[in-house]
Amino acid sequence: MSETDKQVIAAIIPAAGSGSRMRTDVPKQFLELGGVPILVRTIGRFLQVSEIRHIVVALPADHRLIAEQILRRCFSPDQYRRLMLVTGGESRQESVLAGLDALPPGTGFVLVHDGARPFVGPELIRRCLRAAVDHGAAIVAVPVRDTIKQVSSSGEIAGTVDRSRLWQAQTPQAAATGLLRRAYEEAQRAGFEGTDEASLLEHAGIPVRVIEGSEENIKITRPDDLKLAANINKESNMLRIGHGFDAHRYKIGRHLILGGVDIPFDLGLEGHSDADVIIHAFIDALFGAMGIGDIGRHFPDNDPQYKDISSLKLLEKTIRLVEEKKFTIGNADITVICQRPRLAPFVDEMRTNLAAACSADPDSINIKATTTEMMGYTGRGEGIAVHAVVLLQSRSGREKE
């Protein structure tokens, strides 16, 4: 995602519909799924993508106040600060345009995603974004798998459609902001009403790349969709807990690297790699949650390729295994046992480093430091010990990587 590092990335989530097809008094995006409003789940998936700086949510005018209250209650202050709330229009097209108008100057790329598609995965969002960076515009879609029939007005089969080139469009749909603005401007001039961003881009003659999405990335529109979503949510909520522990003794002549931060101190830690005891305990917890051994098994301390390696690189390798096994990080809690030096000034930077390596929100990773009141080997200043607990959540194995 190196190219996107140079760009300001935003997402627009149109959620201003009335949900009349759901036949409920409450708009579908505010209905609860597993005790959490659908819209909150959807926004939460985009908050997990650290590359996205701004998330614009287009809300219905008559539900805006209650929506703001729900979002403030469900997200932390840091997460809420990434949200920009606007009043949507009567159509999706008007709502997305309101979102475009609210984007800060300099926004390079924008993703648009349905507020009622709560099962989109962070990796799918990133793949769509990468494709847009490479090609200018991209959408997520799945190939049509069922036989498609043409039916006459009298209800008889008029023919069978070749489905080999037919794809069912999903969201997110991403584009360079300038291209999407151009598509909306041309649609306004022509009075063209599209069904999604891709149709507007097509109308403007702008090529759109298609990447394969996920059958799980459903849009909740009708009552039966809500039942299907409940089943998906039940499957995707399988949780795995892992515990990790590591300890390293102090050594003269080495840098003290903790959580990827070079701490000013007169001693470092002894180890084959950079001896980052915080990351080692974290990695051990991840392996424990996946049930695949420990850090010594995967990164042995007698392997020359790991000599003096940054432990952040080992964490990135571990996260790839987490993704291959269809898990995402729910949260991690890490306790550092250290008599000295004082670590509080560096904790936020450590959390940011770990979150970036995991492609997770910093709010999902907690690091705290404590002492043992001068007792034991840590209390005597002989080294540092760390405990880590990690919660992994299954993605049902159905999202395409």
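Just so it is clear, the structure is predicted and the values come from calculations on it, not from any experiment. (Residues numbered from 1 in each chain as written. Predicted model: local features only at pLDDT ≥ 70, side-chain atom pairs only at ≥ 80, totals over all residues. Heavy atoms only, no water.)

Caption draft 1: Up close: the pairing of strand β16 (residues 327-337). Sheet topology places β16 next to strand β18 (residues 383-394); 10 bridges connect them, and they run antiparallel. Bridging across to β18, Ile-334 finds its partner in Ala-388. Here β16 runs beside strand β17 (residues 365-370); their pairing, made up of six bridges, is parallel. Bridging across to β17, Ala-332 finds its partner in Ile-365. (Pairing = 2+ DSSP bridges. Helix = DSSP H or I, 4+ residues; strand = E, 2+ residues; numbered from the N terminus.)

Caption draft 2: Geometry of the packing of aromatic side chains. Per the stated rule, a full pass over the model turns up three aromatic pairs. A centroid spacing of 6.0 Å and a plane angle of 45° characterise the contact between Phe-287 and Phe-299, whose relative ring orientation is tilted. With Phe-287 in helix α9 (residues 277-290) and Phe-299 in the loop between α10 (295-298) and α11 (311-324), this residue pair connects regions lying 12 residues apart in the sequence. Residue Phe-299 is classed as buried on the basis of its relative accessible area, which comes to 11%. Summarising the aromatic geometry, the rings of Phe-299 and Tyr-306 are spaced 5.3 Å apart at their centres and angled 80° between planes, so their arrangement reads as edge-to-face. Taken individually, Phe-299 and Tyr-306 each receive the classification buried, so the pair is uniform in this respect. Site record: aromatic cluster; members linked through ring pairs are Phe-287, Phe-299 and Tyr-306. (Phe/Tyr/Trp six-rings, centres within 6.5 Å; stacked < 30°, edge-to-face > 60°. Buried < 20%, exposed > 50% of the residue type's maximum accessible area, 1.4 Å probe, protein only.)

Caption draft 3: Layout of the packing of helix α4 (residues 92-102) against helix α6 (residues 177-190). Packing of α4 against α6 leaves a shortest axis separation of 11 Å and a crossing angle of 135°. Of the possible angle classes, the one that applies to α4 and α6 is oblique. The interaxial crossing formed by α4 with α6 has left-handed handedness. On α6, the residues touching Gln-93, Val-96, Leu-97, Leu-100 and Asp-101 of α4 are Thr-177, Leu-180, Arg-181, Tyr-184, Ala-187 and Gln-188. Taken together, the residues of the contact of α4 with α6 break down into six nonpolar, three polar and two charged. (Axes fitted to C-alpha atoms, helices over the stretch in contact; angles between N-to-C directions. Parallel < 35°, antiparallel > 145°, perpendicular 65-115°, else oblique. Left-handed = near helix turned anticlockwise from the far one by under 90°. Contact = heavy atoms within 4.5 Å. Nonpolar A, V, L, I, M, F, W, Y, C, P; charged D, E, K, R; others polar.)

Caption draft 4: Expanded view of the sheet that holds strand β15 (residues 268-269). Within the open sheet, the five strands sit side by side as β15-β12-β18-β16-β17. Their pairing is mixed. The open sheet is flanked by β15 and β17, the only strands paired with a single partner. Pairing of strand β12 (residues 239-251) with β15 involves two bridges; the strand directions are antiparallel. Bridge pairing in β15 links Lys-251 to Gly-268. Strands β12, β15, β16, β17 and β18 of the sheet are contacted by α9, whose axis makes an angle of about 150° with β12.

Caption draft 5: How the structure looks around the sheet that holds strand β6 (residues 107-112). Read from one edge of the open sheet, seven strands run β5-β4-β1-β6-β10-β7-β11, paired in mixed fashion. For this open sheet the edge positions go to β5 (83-87) and β11 (209-212), each flanked by a neighbour on one side alone. The mean inter-strand angle of the sheet, taken between neighbouring strand axes irrespective of direction, is 25°. Sheet analysis places strand β4 (residues 52-59) next to β5, joined by five bridges and oriented parallel. Following the sheet pairing, Val-57 is matched in β5 by Leu-85.

Caption draft 6: Inspection of the environment of Ser-50 at higher detail. Inspection of the secondary structure puts Ser-50 in the loop between α1 (38-47) and β4. Given the relative accessible area of 42%, Ser-50 is considered partly exposed. Linking Ser-50 and Arg-351, residues 301 residues apart in sequence, is a C-alpha distance of 13 Å. Once residues lying within four places of it in the same chain are set aside, the contact partners of Ser-50 are Arg-82, Arg-126 and Ala-360.

Caption draft 7: Seen up close, unusual backbone geometry. A cis amide bond links Thr-171 with the next residue in sequence, Pro-172, at an omega value of 15°. With respect to the element layout, Pro-172 can be found in strand β10 (residues 167-176). Notably, Ala-275 is not glycine yet its phi reads approximately 60°, a positive angle. Note that Ala-275 resides in the loop between β15 and α9. Even without glycine at this site, Lys-326 takes up a positive phi of about 65°. By secondary structure assignment, the location of Lys-326 is in the loop between α11 and β16. Note on Lys-326: relative accessible area 21%, which makes it partly exposed.

Caption draft 8: Region of interest: the nonpolar core. Counting 50 residues, the largest nonpolar core has Leu-258, Phe-282, Leu-315 and Ile-384 as the members making the most contacts within it. Elements represented by at least two residues in this core include exactly β13 (256-258), β14 (261-263), α9, α11, β16, α12 (347-358), β17 and β18. A per-element tally of this core places α9 first, with 11 residues. Those residues in contact with Leu-258, other than ones at most four positions away along the chain, are Ile-263, Leu-269, Asp-276, Val-277, Ile-278, Leu-343, Met-350 and Ile-384. If you look at the next biggest cluster of nonpolar residues, it comprises 36 residues, including Ile-13, Leu-47, Val-57 and Ala-174. (Core = buried A, V, L, I, M, F, W, Y, C linked by side-chain atoms within 4.5 Å.)

Caption draft 9: Local environment of α1. Taken across its 10 residues, α1 has 10 buried, putting it largely inside the fold. All buried positions along α1 are accounted for by Ile-38, Leu-39, Val-40, Arg-41, Thr-42, Ile-43, Gly-44, Arg-45, Phe-46 and Leu-47.

Caption draft 10: Spatial organisation of α9. Its 14 residues place the ends of α9 20 Å apart at the C-alpha level, agreeing with the 20 Å of an ideal helix rising 1.5 Å per residue. Counting buried positions along α9 yields 13 of 14 residues, so the element is predominantly enclosed. At the C-terminal side of α9, Gly-291 shows a positive phi close to 70°. (Expected span 1.5 Å × (residues − 1).)

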